[in-house]
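Reading the structure
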Amino acid sequence: MRSAHGRSGPGVCTFRGCCPGCRADRLLPGRGATGTPICRDCAGIARDFFCDRCGFEGLLLGGRLCERCTLTDTLGRLLDDGTGHVAASLQPLVTSLKEMDRPKSRLIWLRNPNVVRLLRGGRRQHPAHPRRAALGNTLANRRPPA
Ligand SMILES: [Zn+2]
Ligand SMILES: [Zn+2]
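Residues numbered from 1 in each chain as written. Chains lettered and ligands numbered in written order. Predicted model: local features only at pLDDT ≥ 70, side-chain atom pairs only at ≥ 80, totals over all residues.

Unlike most non-glycine residues, Arg23 shows phi in positive territory, near 70°. Mapped onto the elements of the fold, Arg23 is located in the loop between strand 1 (15-18) and strand 2 (25-28). Under the C-beta neighbour-count criterion, Arg23 is labelled exposed, with 8 such atoms within 10 Å. Phi at Arg102 takes a positive value of approximately 55°, unusual for a residue other than glycine. Assignment of secondary structure puts Arg102 in the loop between helix 3 (91-99) and helix 4 (103-109). (Helix = DSSP H or I, 4+ residues; strand = E, 2+ residues; numbered from the N terminus. Buried ≥ 20, exposed ≤ 12 C-beta atoms within 10 Å, placed from the backbone.)

Given below as structure tokens:
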């Protein structure tokens, strides 16, 4: 049993750091001769890891978008006030969530229906939300206690 420090499991093999081959601080999906994480250029990996939207090199979710862009989309979808946009009152929340470190943790956090319900608690000024039925009555009807 090896004690890999830091990262949380043997499945985690893609992270950022300073590539020992080219000294660039970037994603290190490859492995050098000694098992050292190296960047895709040094490892000769043909697949790229650049986000389709912002060009950030990182772990791409759904194939093409980085964690941060995925988080932006997820927040936009969850907090859509019915106009296709996040309500102005929730924008500061969205901004602070996006600026936090570890967007992946925020994404996992947003999978919790209780969290989503709490976040959406601020939307009650739009009771006639047209997409409410589609989103499920549980979300729309159950509000956090005042
Ligand atoms: Zn490199
Ligand atoms: Zn991105």
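Resuming the write-up.
Time to look at the environment of Thr95. Position of Thr95 relative to the elements: it lies in helix 3. Given 12 C-beta atoms within a 10 Å radius, Thr95 is considered exposed.

What follows concerns the environment of Leu28. Here Leu28 lies in strand 2. For Leu28, a count of 24 C-beta atoms within 10 Å corresponds to the buried category. Here the alpha-carbon distance between Leu28 and Gly17, two residues eleven residues apart in the chain, equals 6.6 Å. Residues contacting Leu28, with those up to four places away along its chain left out, are Phe15, Arg16, Gly17, Cys19, Pro37, Ile38 and Cys39. (Contact = placed C-beta atoms within 7 Å.)

Moving on to helix 2 (residues 67-78). With twelve residues, helix 2 should reach 16 Å at 1.5 Å per residue; the first-to-last C-alpha distance of 16 Å fits that figure. Restricting attention to buried positions, one finds in helix 2 the residues Arg68, Cys69, Thr70, Leu71 and Leu75. Close packing links the buried residues of helix 2 with strand 5 (60-61), strand 6 (65-66), helix 3 and helix 4. (Expected span 1.5 Å × (residues − 1).)

What follows concerns the pairing of strand 1. The side chains of a regular strand alternate between both faces of the sheet. Here strand 1 runs beside strand 2; their pairing, made up of four bridges, is antiparallel. In the strand pairing of strand 2, Arg16 is matched with Leu27. Connecting strand 1 to the next strand, strand 2, in antiparallel fashion are six residues, including Arg23 with a positive phi near 70°. (Pairing = 2+ DSSP bridges.)

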